[in-house]
Amino acid sequence: MRAYRLITEDDTSDFCHRVTEALNKGWELHGSPAYAYDESSGKMRCAQAVIKEAEGEYSRDVKLGAL
């Protein structure tokens, strides 16, 4: 199965830590990061897509963050 996640977070070091954690769990970057202003919170937000080859078959019950 090929899995996809979009990691999002406010523009803080927490975002970098979440992406780094995913990379260390075998996820790979997919495309460029995105950066945008969130009017509702008044903060900048970051996003990074990641992909991973994993065992098993896909279903909507798969907990992507646990792969």
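Residues numbered from 1 in each chain as written. Predicted model: local features only at pLDDT ≥ 70, side-chain atom pairs only at ≥ 80, totals over all residues. Heavy atoms only, no water.

Asks: Report on the pattern of salt bridges, specifying residues and quantitative values.
Replies: Under the criterion given, the structure shown has 5 salt bridges. For Glu9, the salt bridge identified is with Arg18, shortest N-O distance 3.1 Å. The shortest N-O distance in the salt bridge between Lys43 and Asp10 comes to 3.6 Å. Taken together, the residues Lys43 in strand β4 (residues 43-53) and Asp10 in strand β1 (residues 2-10) connect sequence positions 33 residues apart. Through salt bridges with shared partners, a single network forms among Asp10, Lys43 and Arg45. (Salt bridge = Lys/Arg side-chain N within 4 Å of Asp/Glu carboxyl O. Helix = DSSP H or I, 4+ residues; strand = E, 2+ residues; numbered from the N terminus.)

Asks: Describe the packing of aromatic side chains, listing the residues and the values that go with them.
Replies: Here a ring pair, both rings aromatic, is described through the centre-centre distance and the interplanar angle of the planes. The final tally for this structure, using the stated rule, is 0 aromatic pairs. We note Arg5 situated over the ring of Trp27; from NZ or CZ to the ring centre the distance is 5.1 Å. (Phe/Tyr/Trp six-rings, centres within 6.5 Å; stacked < 30°, edge-to-face > 60°. Lys NZ or Arg CZ within 6 Å of the ring centre and 35° of its normal.)

Asks: Describe the nonpolar core, listing the residues and the values that go with them.
Replies: Judged by nonpolar contacts, Ala3, Ile7, Phe15, Val19, Ala22, Trp27, Cys46 and Val50 together constitute the single largest core of 8 residues. With 3 residues, helix α1 (residues 13-24) is the single largest residue contributor to this core. With residues near it in sequence (within four places) discarded, Ile7 still touches Phe15, Arg18, Val19, Ala22, Cys46, Ala47, Gln48 and Val50. (Core = buried A, V, L, I, M, F, W, Y, C linked by side-chain atoms within 4.5 Å. Buried < 20%, exposed > 50% of the residue type's maximum accessible area, 1.4 Å probe, protein only. Contact = heavy atoms within 4.5 Å.)

Asks: Give a detailed account of the environment of Cys46, specifying residues and quantitative values.
Replies: Following the sequence through the fold, Cys46 ends up in strand β4. In this structure Cys46 comes out as buried when scored by relative accessible area, which is 8%. If we skip the residues at most four places from it in the chain, Cys46 touches Ile7, Thr8, Glu9, Asp11, Phe15, Ala34 and Tyr35.

Asks: Could you give an account of α1, with specific residues and numbers?
Replies: Look at α1: 16 Å from first C-alpha to last across 12 residues, which is about the 16 Å you get at 1.5 Å a residue. Within the span of α1, buried status applies to Phe15, Val19 and Ala22. Taken down its axis, α1 places every buried residue within 60 degrees of arc, on the same side. Exposed side chains of α1 directed beyond 90 degrees from the buried face belong to His17 and Asn24. (Expected span 1.5 Å × (residues − 1). Arc of directions from axis to C-beta.)

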